[in-house]
Each structure stands twice: as C-alpha cells, then as structure tokens.
Amino acid sequence: MNWPGLLKQYQDFLPVTDKTPALTLKEGNTPLIHFPHLSSQLGVDLYGKVEGANPTGSFKDRGMVMAVAKAAEDGSTSVICASTGNTSASAAAYAAKAGMSAVIVIPKGKVALGKLAQAMMYGAEIVEIDGNFDDALKMVKHVNENAPVTLVNSVNPYRLEGQKTAAFEICEQLGAAPEVLAIPVGNAGNISAYWKGFKEFHDKKQTGLPKMFGFEAEGASAIVQNKVITDPETIATAIRIGNPASWNLAVNARDESSGKIGAVTDKEIVHAFKLLARKEGIFAEPGSCASIAGVIQQCANGDIKPGSRIVAVLTGNGLKDPQTAIEQLNTEPVSLPNDLDAVTAYIEDVVGA
Ligand code: F0G
C-alpha cells in the first residue's frame, strides 16, 4: 500500500478541511510487533506499537502533522514549544516541511543528544534554560499570549487529535482493541489521545475498549502521588515532568477505562530497556520503556491478569539517546590489532569454532 500519511488516511476522523494543507512526512502506519519471549516470560500476549518508526523517531509526529497543518491553515508562520526533546524535533521537522519557522525552549543538559541534533539540523531556533520542562512550558505559554506564534505543545488540541490515530491503527492491526494498553506518561497528552482514539473507533466500528495503564517515572510521578513535583528527576529524560498539562484528561482516561496509573523506578526502566533490546530486538528510548517496565510490574502484582492481550506503546527510538544506552552497559567492544590472524582467532573462540 502507498501510505498517504495520517491526515489523508484518517481524514474522516480528523479536523481536516478543504483548506488544510496536505502536509506529511508519511508519519503513522508504524509496526505492531508481537513479543514472543516477553509474552512467555510474563504469561501474557504482549505486543509493542513501535512509534520510533515515525519520521523523526517518535510518536510526536502524529500530533505535530495535524497541529502544524492547522497552524499553516490559520495563516501562522511560526510555531513554538517547550520540550524534553522529541516534541521539539518533531515541531522543527514539520515546520521545515511547511515552510514555517520553529522556536523551542528546552531544559539545559537534560535533552538527549540525538533529539538536540535533530532540532538543530531542521533549523529550529533553540533556547536552553536553567530550568525543567515545566518551567519551559510556562514560558512558552506566556510568550504565546502576545507573540504571533502558534503553540504546538499538547495543550494545543490538534496535537491530541493527530495522536489518537495510533489507537485506530492498533485496532486495525489487531482486529480489535487489546485488553490492556500500557503507555508511558510524561505531560499526559498521549494517554489522553489514545483513550479518545479508542472511544471514537469503538463508536464507529465496535472495536472494544482497553483498560488504560499509564506509567510515570517514580521521580516524576505527579499523578500517582497526586501532587506537583517541583524537582522531577529520572534517567528517562523524555518523561521528566512534574506538573503534567493533561493531568485531568489522563485521570479521566484511567477512571473511565477502569485502568491504572502507576510509577516505575529508574531501575525497572533500565531493566525493561535492556530486556526489550536483547529479547525482542527493539531498541526503544528509556522513556518508552516505562510501558514495558509497567507491564512487568503489573503482571507480578496481579493487576494484569495472566493471558491478557496487551499492547505496550514504545514511544521513541533508542537511537535518540545512545549515551544513556552505553552508560547502562558494562561491556565495551573488544579492541584488537588490524591483524587477520588475531581477529580470526578471537572470533573463532567466541563462536566456538
Ligand atoms: N515517551 C517519549 C519518548 C516522550 O518523548 C514523551 C513526551 C512521552 C513518552 C510522554 O508523553 O507527554 O504525552 O505523556 N515527550 C514530550 C517532549 C514531553 O517534549 O518531547 P506525554
């Protein structure tokens, strides 16, 4: 199939009009992959929705194509966002494609290198602050009150509209909604978007509804602790957020679906991060792996029942943050001289020749 991109593929479900530009980088249509090794280890039927396969390497492209297209339709020439990295990469890419400019505000030293490189390459104006994501979001909201720029954080409703399409794809790929949808929670937009998507698809196509299981990083678990975290900390910088903008929508998704929002420790995240790569061949960024860590935790405590069909959302590509990956491993490449015999002898030994 010649995939047309999200705005065309799901135009009947999206606020697309005759005047909406046909913007696309061919986002969406990401793989849903069965995980046989983790499934048998956990006694469930586990799939991953591999959102790292999107054009800029994260799920943000689904929302950004919609938000930037609507901004262009409304005559805007620039977009602005705060970001832990992925939103800024995506905003910068879609702004470039649409012929617009992008301004991004990011927490200094807390954005994975790949994401920063992307925003730079796509030509965004980048502002670093000595503060966290929540501070940056407050600033861009303030700027947005007066300046002629369009805010494309997930407080822009078009973002959630675009992001809900991942739920449609899952229903199409599985033939129905799964019993459990496991998803990382940072600013809480994506869990809200998925729930909206599952409900809309069910209304039209009777695909059923999953229980929504969201997972925050423990050091940034505002919703779980029911209080704003002023100094959030986690290895998973993508979800290092202490005051989620879509807090109420996420709680609503949890409660309407009889689901759960839990917290996973950095140790659990790192364990899931390595396990996923080694057992299933998927390199997803640490923040993404909060979903897998959460599934492991909830299978162990019995809140996810044996045999459940689960989809875990893997929100971003592992290549975004190679530094964290390398730091978590105790191995280094073996260094040998440029010598045929030495290299051959070593490898023959490794493969047991
Ligand atoms: N996973 C990744 C890889 C992310 O980048 C984010 C959010 C999330 C999960 C959480 O999604 O915020 O909708 O609950 N990243 C934002 C950013 C905050 O700026 O890139 P959420």
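No experiment lies behind these values; they were computed from the predicted model shown.

Draft legend 1. Inspection of the pairing of strand β5 (residues 125-129) at higher detail. Relative to β5, strand β4 (residues 101-107) runs parallel, the two being bridged by 5 bridges. By the bridge assignment, Ile-106 is partnered in β5 with Glu-128. Crossover handedness for the path β4 to helix α5 (residues 113-121) to β5: right-handed.

Draft legend 2. Broad picture of the pairing of β4. Extensive coverage of β4 is indicated by the burial of 5 of its 7 residues. Here strand β3 (residues 78-82) runs beside β4; their pairing, made up of 5 bridges, is parallel. Counterpart to Val-79 in the pairing with β4 is Ala-102. Viewed along the sheet, the connection from β3 through helix α4 (residues 86-98) into β4 turns out right-handed.

Draft legend 3. A look at the pattern of salt bridges. One pass over the structure, following the stated rule, counts 15 salt bridges. Put simply, Arg-62 and Glu-169 hold a salt bridge, and the shortest N to O gap is 2.9 Å. Placement of Arg-62 in helix α3 (residues 60-73) and of Glu-169 in helix α8 (residues 165-174) is noted, with a sequence separation of 107 residues between them. We note that Arg-62, like Glu-169, is buried. With a shortest N-O distance of 3.6 Å, Glu-233 and Lys-110 are connected by a salt bridge. Of this pair, Glu-233 sits in the loop between α10 (222-225) and α11 (247-256) while Lys-110 sits in the loop between β4 and α5, placing them 123 residues apart in sequence. Of the residues examined, Glu-233 reaches a relative accessible area of 38% and is grouped as partly exposed. On the basis of relative accessible area, Lys-110 is assigned to the partly exposed category, the value being 29%. A cluster of three or more residues bridged by salt bridges with shared partners is formed by Lys-49, Glu-51, Arg-62 and Glu-169.

Draft legend 4. Structural view of the UniProt feature "binding site: pyridoxal 5'-phosphate" (unreviewed entry) in the chain. As annotated in UniProt, the feature "binding site: pyridoxal 5'-phosphate" (unreviewed entry) corresponds to Asn-86, Gly-186, Asn-187, Ala-188, Gly-189, Asn-190 and Thr-315 in the numbering used here. For the annotated residues, spread through 230 residues, the largest C-alpha to C-alpha distance comes to 14.3 Å, consistent with a single compact locus. Mapped onto the elements of the fold, Asn-187 is located in the loop between β7 (180-184) and α9 (189-205). For Asn-187, a relative accessible area of 10% translates into the label buried. If sequence neighbours within four positions are ignored, Asn-187 has contacts with Phe-133, Leu-137, Ser-154, Ile-241, Asn-243, Pro-244, Ala-245 and Ser-246. Those residues in contact with Ala-188, other than ones at most four positions away along the chain, are Ile-223, Pro-244, Ser-246, Trp-247 and Ala-250.

Draft legend 5. Spotlight on the packing of α4 against α5. With their axes 8 Å apart at the nearest point, α4 and α5 run at an angle of 20° to one another. Classified by the angle between their axes, α4 and α5 sit roughly parallel to one another. Handedness of the α4/α5 crossing: left-handed. Seen from α4, the contacting residues are Asn-86, Ser-88, Ala-89 and Ala-92; seen from α5, they are Lys-115, Gln-118 and Ala-119. Looking at the contact of α4 with α5 residue by residue, the classes come out as 3 nonpolar, 3 polar and 1 charged.

Draft legend 6. Focus on the nonpolar core. Ranked by internal contacts, the top residues of the largest apolar core, which has 58 residues, are Val-79, Ile-170, Leu-181, Ile-191, Tyr-194 and Phe-198. With 7 residues, the single largest contributor to this core is α3.

Cut-offs and rules
- Residues numbered from 1 in each chain as written.
- Predicted model: local features only at pLDDT ≥ 70, side-chain atom pairs only at ≥ 80, totals over all residues.
- Heavy atoms only, no water.
- Pairing = 2+ DSSP bridges.
- Helix = DSSP H or I, 4+ residues; strand = E, 2+ residues; numbered from the N terminus.
- Right-handed = clockwise from strand over helix to strand, strands pointing away.
- Buried < 20%, exposed > 50% of the residue type's maximum accessible area, 1.4 Å probe, protein only.
- Salt bridge = Lys/Arg side-chain N within 4 Å of Asp/Glu carboxyl O.
- UniProt positions renumbered as here; feature names shortened; annotations may be inferred.
- Contact = heavy atoms within 4.5 Å.
- Axes fitted to C-alpha atoms, helices over the stretch in contact; angles between N-to-C directions.
- Parallel < 35°, antiparallel > 145°, perpendicular 65-115°, else oblique.
- Left-handed = near helix turned anticlockwise from the far one by under 90°.
- Nonpolar A, V, L, I, M, F, W, Y, C, P; charged D, E, K, R; others polar.
- Core = buried A, V, L, I, M, F, W, Y, C linked by side-chain atoms within 4.5 Å.

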